[in-house]
Amino acid sequence: MGKETGRDLTVGKPETVLWRFCLPLFGSIIFQQLYNIADSLVAGRFIGENALAAVGNSYEVTLIFIAFAFGCNIGCSVVVSQYYGAKEDRSVITAVYTAMVSSAVVCAVLMGLGMLFSAPLLELIHTPDEVFADSKLYLDIYIWGLPFVFFYNIATGIFSAMGDSRTPFLFLAVSSTANIAVDILFVTAFDMGVAGVAWATFLCQGVSCVLAVLVVLRRLRQIRARVDGPVPVFSLPIFRKFVVIAVPSILQQSFISVGNIIIQGVINGFGPGVMAGYSASVKLNNLVITSFTTLGNGISNYTGQNIGAQKPERISAGFRAGLKLVWTISLPLVLLYFFAGKWVLYLFLDDPTALALETGMNFLRILSPFYFVVSAKLVADGILRGAGKMGRFMASTFTDLVLRVVLAVLLSRTALGATGIWCAWPIGWGIATVMSIVFYRMGVYTEPTE
């Protein structure tokens, strides 16, 4: 493989290779999360607490769409990384186009369903009347931007599969910074309210998506120059491999999203104050969890390339390096959220009610110490996904989800109230982490799929 198309993750000291590859991924997800954080920050500080609650409420529904985009990202990334590691140029090209075609169909179906059922979904989670209109407006605009979400995720999956974590980082750094500026412009100068927040995200994600896809197509042309003869744009066997990885990832993320919607419905019963506090604090929590998940995706790419290159012995070293990486990142985040969470929440809440601030602080103090636990799970999950061990991956993930949802519902009805909801997270994380690590240690990573 030529250097112009990516980085070979199958050579060099595993720890050095992983850190160089994953740190830009970590930077990328920080900027990716700035999209949603910027929306909440601008809504809370420049529009009002109800606007913040509306954006946070809609966010739980958008996670369903993101689940499908993320699953397509993982399916494409793992399959392409295995072919890339095996240096099968023709299959790399076909796999990319197969993933694009498949994802376009999924995106079109989701847009249709989203337009039909956005209001019923918001009613299902007991959205209060005072934030319903803004929640639906934000959600409707988001749905129109779904093609940007899908194809950007496919593009970043391709970059990562080829060992290139720098390019998506540069795209996101520019577009997310621009999103903050456009958010503020639309809300303060044009007085567009929640619609301004949504349209700003739509425009900036659109630009980054188009640029990312153009770069992908240019790199495919570079690879194509090394291949003789016609290259199919769709392959049923490759599509099946894509489905084997993508569908479990979609189901996992979808069920997590459904679980979050159920939890959001429970939280909505406590009123706008608790909703606003949760909306602010869960964004901060999701920033951490999504960052660790993205690092796990990087480990999936590392695993996929090494399996494709028939170097499974490098995987255990990758696991140890991954643990060191996520725990190094966890330490300052735990200290920040646990001891200074109040001041971070003020970024989102302008003159917050006492209930909103207390809710956010309790959430962060209960969850943050367990980042060391859940990050270990996500490293092990990264290896399971990269090796195609999707059954094991899903078992631990669904255990976590079911425990969190059931315990959140039950504990919210006790004297703990809303605090009981937050206590469900560490229990689910702890049990699922043990399962993921046991599953990882059971594996002999010589086959690409189970």
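Preceding this section is the structure that the text describes.
Scoring rules and cut-offs
- Residues numbered from 1 in each chain as written.
- Predicted model: local features only at pLDDT ≥ 70, side-chain atom pairs only at ≥ 80, totals over all residues.
- Heavy atoms only, no water.
- Phe/Tyr/Trp six-rings, centres within 6.5 Å; stacked < 30°, edge-to-face > 60°.
- Buried < 20%, exposed > 50% of the residue type's maximum accessible area, 1.4 Å probe, protein only.
- Helix = DSSP H or I, 4+ residues; strand = E, 2+ residues; numbered from the N terminus.
- Patch = residues over 30% accessible without salt bridge, like charges linked within 9 Å, V, L, I, M, F, W, Y side chains within 5 Å.
- Areas by Shrake-Rupley, 256 points an atom, 1.4 Å probe, with all protein chains shown as cover.
- Salt bridge = Lys/Arg side-chain N within 4 Å of Asp/Glu carboxyl O.
- Expected span 1.5 Å × (residues − 1).
- Core = buried A, V, L, I, M, F, W, Y, C linked by side-chain atoms within 4.5 Å.
- Contact = heavy atoms within 4.5 Å.
- Disulfide = S-S within 2.5 Å.
- 1 Å grid on protein atoms, 1.4 Å probe; cavity = no way out; pocket = protein on both sides within 12 Å on 5 of 7 lines; lining within 4 Å.
- Points joined across faces, edges and corners; volume = space filled by probe spheres on them.
- Nonpolar A, V, L, I, M, F, W, Y, C, P; charged D, E, K, R; others polar.

K.L.:
Can you help me understand the packing of aromatic side chains in this one?
P.N.:
Both the distance between ring centres and the angle between the ring planes are used here to describe each pair of aromatic rings. Counted by the stated rule, this structure contains 14 aromatic pairs. For the ring pair Phe234 and Phe239, a centre distance of 5.7 Å and an interplane angle of 35° mean the geometry is tilted. We classify Phe234 as partly exposed; its relative accessible area is 38%. Centre to centre, the rings of Phe319 and Tyr440 are 4.2 Å apart; their planes meet at 25°, and the pair counts as stacked. Within this pair, whereas Phe319 is found in helix 10 (residues 315-345), its partner Tyr440 is found in helix 14 (residues 418-442), the two being separated by 121 residues in sequence. Of the two residues, Phe319 and Tyr440, both sit in the buried class. An aromatic cluster of three or more residues is present, and its members are Tyr278, Phe363, Trp422 and Trp425.

K.L.:
What's the story with a nonpolar patch on the surface in this structure? I'm lost.
P.N.:
Taken together, Val101, Val105, Val109, Leu113, Leu116, Phe117, Val233, Phe234 and Leu236 make up a surface patch of nonpolar side chains, about 830 Å² in accessible area. For the nonpolar patch, the element with the highest residue contribution is helix 3 (residues 89-124), accounting for 6 residues. As for its placement among the helices and strands, Val233 is situated in the loop between helix 7 (193-224) and helix 8 (236-268).

K.L.:
Would you explain helix 11 (residues 354-367) in this entry?
P.N.:
An α-helical turn contains 3.6 residues, so any two residues separated by three or four positions project in the same direction. Between its terminal C-alpha atoms helix 11 stretches 20 Å, which fits the 20 Å expected from 14 residues at 1.5 Å a residue. Ala356, Leu357, Thr359, Gly360, Met361, Phe363, Leu364 and Leu367 are the residues of helix 11 that are buried.

K.L.:
Mind showing me how you'd approach the nonpolar core here?
P.N.:
Burial of nonpolar side chains together is a common tendency in soluble globular proteins. In terms of nonpolar packing, the biggest core is built from 68 residues, with Tyr371, Trp422 and Trp425 touching the most fellow members. It is helix 9 (residues 272-308) that provides the largest number of residues to this core, a total of 15 residues. Non-local contacts of Tyr371, meaning those with residues more than four positions away in its chain, are made with Asn285, Val288, Ile289, Phe292, Ser330, Val334, Tyr337 and Trp429. Ile64, Val79, Val149 and Ile223 belong to the second largest nonpolar core, which has 50 residues in total.

K.L.:
I'm lost on unusual backbone geometry in this one. Help?
P.N.:
Excluding glycine, most residues fall at negative phi; most peptide bonds, likewise, are trans. For Lys87, which is not glycine, the phi torsion reads 60° and is therefore positive. Tracing the chain through its elements places Lys87 in the loop between helix 2 (49-85) and helix 3. Given the relative accessible area of 45%, Lys87 is considered partly exposed. Positive phi is not limited to glycine here, since Gln310 has a value of about 60°. Checked against the element boundaries, Gln310 lands in the loop between helix 9 and helix 10.

K.L.:
Help me out: how do you make sense of the state of the cysteines in this one?
P.N.:
Chemically, a disulfide is nothing more than a covalent bond linking the sulfur atoms of two cysteines. In the structure shown here, the tally under the stated rule is 0 disulfides. Left unpaired, Cys107 is separated from the closest cysteine sulfur, that of Cys72, by 9.0 Å.

K.L.:
Can you help me understand empty space enclosed by the protein in this one?
P.N.:
Any empty space left between the atoms is revealed when a probe the size of a water molecule rolls over them. Throughout the structure, instances matching the rule amount to 2 cavities of 30 Å³ or more. Empty space within the second largest cavity amounts to approximately 70 Å³. Around the second largest cavity, the lining residues are Tyr138, Ile141, Tyr142, Gly145, Phe148, Val149, Ala198, Thr201, Phe202 and Gln205. Class assignment of the residues belonging to the lining of the second largest cavity gives a composition of 7 nonpolar, 3 polar and no charged.

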